[in-house]
Every structure is written in structure tokens, then in C-alpha cells.
Amino acid sequence: MNLESLFEEYVQAKSVKDKNAGHQAIQKVLGKIVCNFPKDNPEALAWFTMALTHDHKKWFVAMLLEKVNPVPKALFDDLVFASLIENDPSFNKSFIAPCVRTFGVEAVKSRIMNFSAHPQVIENDGVTKVMYWVPRVAS
């Protein structure tokens, strides 16, 4: 599975003028990946780890992980960190919700606290922004 080319298909589908056709194309791309989603193998999940640090690819990963259950443990730290450094507090929910769904509130809170002293997290006030969502996505 070539994730880079599937990401490019996703980008093209997002630019389709007919929004219904674009949505169907996006769902088709996501379906291809979900059916063959790599298990908890850091090497197989390396593309996703990299993508979570990329401004556009991280949203592709977030949309994909809405459909993956359970989220691989190998992505847990990367997702929590992505949520903590996301500037827009409305969007960090996209990264933290799959973690809460798979690992539970207490595990997510613990992981958040592990990253709380990171300079990017402090600068972004990430803990405050993300902790707002943790109990809300748990219900």
C-alpha cells in the first residue's frame, strides 16, 4: 500500500468541484487504507507518524483514524503530541478523540501530563486546550 499516492488521491478528491463526488472519492480512498491498516508495528506505521508532523497530512491521518478502531498503540504518543501542539483548540479534538476511544480517559490524561513540560506544548498552552476535550469525547 503506497500511502503517499493514496494521500495524493485524497488531495485530488478534496479539490473536486462536485462536493458529493468529492466526498465519495475521499471515502473510497479512506476505505482502501482502513481495510489494510497496519497493525501495531512501528515500521509499518512510520508514514503516519511522519504525517502527523506535516500541516496537511495530519488532517488526512485524523480523518482516517476516525474509522480505525482500535488505534494502534504505536501511534498513541504521536497523536497525543499532535493534539497538544495543534494551535486551533477546536481541531485538537480530531487527534485526541481516537486516543480516548481506544485507550480511555485515564491513559490519555497520563500521556498528556508526560508531554506537559515540552516547550512546544507550553508555548501553545496545549494541556489546557486538550484537557477541555478529554471528558467531552469520552461520553
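This text goes with the structure placed above it.
Residues numbered from 1 in each chain as written. Predicted model: local features only at pLDDT ≥ 70, side-chain atom pairs only at ≥ 80, totals over all residues. Heavy atoms only, no water.

Undergrad: Account for the overall build of the protein chain, with residues named and values stated.
TA: Within the protein chain, the secondary structure is distributed over nine helices and zero strands. Mapped from its N terminus to its C terminus, the protein chain presents α and β elements in the order α-α-α-α-α-α-α-α-α. For 139 residues, the compact-globule formula gives about 14 Å, and the C-alpha radius of gyration of the protein chain, at 15 Å, lands near that figure. By its C-alpha atoms, the protein chain is 40 × 30 × 30 Å across when sized along the principal axes. In the protein chain, buried positions account for 38% of the 139 residues. Contacts spanning at least 24 positions in sequence make up 68% of the contacts within the protein chain whose residues lie at least 6 apart. Total accessible area on the protein chain is roughly 7,700 Å²; 54% of this is exposed by carbon and sulfur atoms. Looking at charge distribution, the protein chain has the averaged site of its 16 positive side-chain charges lying 6 Å from that of its 15 negative ones. (Helix = DSSP H or I, 4+ residues; strand = E, 2+ residues; numbered from the N terminus. Rg over C-alpha atoms; globule rule 2.2 N^0.38 Å. Buried < 20%, exposed > 50% of the residue type's maximum accessible area, 1.4 Å probe, protein only. Contact = heavy atoms within 4.5 Å. Areas by Shrake-Rupley, 256 points an atom, 1.4 Å probe, with all protein chains shown as cover. Lys, Arg positive; Asp, Glu negative; His and termini not counted. Charge placed at Lys NZ, Arg CZ, Asp CG, Glu CD.)

Undergrad: Got a sec to walk through the environment of Lys-57? Specific residues and values, please.
TA: By the element assignment, Lys-57 lies in helix 4 (residues 57–65). Judged by relative accessible area, which is 9%, Lys-57 ranks as buried. If near-sequence neighbours (up to four positions away) are discounted, Lys-57 is found in contact with Glu-4, Phe-7, Trp-47, Met-50 and Ala-51. Among the polar contacts listed, one links the side chain of Lys-57 to the side chain of Glu-4, at a separation of 2.8 Å. (Polar contact = N/O pair within 3.5 Å; in protein donor to acceptor, adjacent residues only side chain to side chain.)

Undergrad: Before we move on, can you summarise the packing of aromatic side chains with the specific residues and values?
TA: Tallied over the full model, the rule gives 12 aromatic pairs. Measuring from centroid to centroid gives 6.0 Å for Trp-47 and Phe-60, while their planes differ by 90°, and the two rings are edge-to-face. Pair noted here: Trp-47 is in helix 3 (residues 46–51) and Phe-60 is in helix 4, with a separation of 13 residues, a long-range link. A residue is classified by how much of its surface remains accessible, and Phe-60, at 0% relative accessible area, is buried. Centre to centre, the rings of Tyr-132 and Trp-133 are 5.0 Å apart; their planes meet at 85°, and the pair counts as edge-to-face. For Trp-133, a relative accessible area of 15% translates into the label buried. Ring pairing ties together the aromatic residues Phe-7, Tyr-10, Phe-37, Trp-47, Phe-48 and Phe-60, which thus form one cluster. One residue, Arg-136, lies across the ring of Tyr-132, its end atom 3.7 Å from the ring centre. (Phe/Tyr/Trp six-rings, centres within 6.5 Å; stacked < 30°, edge-to-face > 60°. Lys NZ or Arg CZ within 6 Å of the ring centre and 35° of its normal.)

Undergrad: Which residues make up unusual backbone geometry, and what values go with them?
TA: Going from Asn-69 to Pro-70, the amide bond is cis rather than trans, its omega being 5°. Relative to the assigned elements, Pro-70 resides in the loop between helix 4 and helix 5 (76–85). Phi angles above zero are rare outside glycine, and Asp-125 is one such case at about 55°. Among the structural elements, Asp-125 can be located in the loop between helix 8 (119–124) and helix 9 (126–138). Residue classification places Asp-125 among the partly exposed positions, given a relative accessible area of 41%.

Undergrad: Can you tell me about helix 9, naming the residues and giving the values?
TA: With 13 residues, helix 9 extends 19 Å from end C-alpha to end C-alpha; this agrees with the ideal 18 Å at 1.5 Å per step. Buried within helix 9 we find Gly-126, Val-127, Lys-129, Val-130, Trp-133 and Val-134. Looking straight down helix 9, one finds that the buried residues subtend no more than 155° of arc, so they occupy a single side. Buried-residue contacts for helix 9 involve helix 5, helix 6 (93–103), helix 7 (105–115) and helix 8. (Expected span 1.5 Å × (residues − 1). Arc of directions from axis to C-beta.)

Undergrad: Summarise helix 7; cite the residues concerned and give the values.
TA: Each turn of an α-helix holds 3.6 residues, which means side chains three or four residues apart point in the same direction. Those residues of helix 7 that fall on the buried side of the exposure criterion are Val-108, Ile-112 and Phe-115. With its buried residues spanning 65° around the axis, helix 7 presents them on a single face. Facing away from the buried side of helix 7 by over 90 degrees, the exposed positions are Glu-106 and Asn-114.

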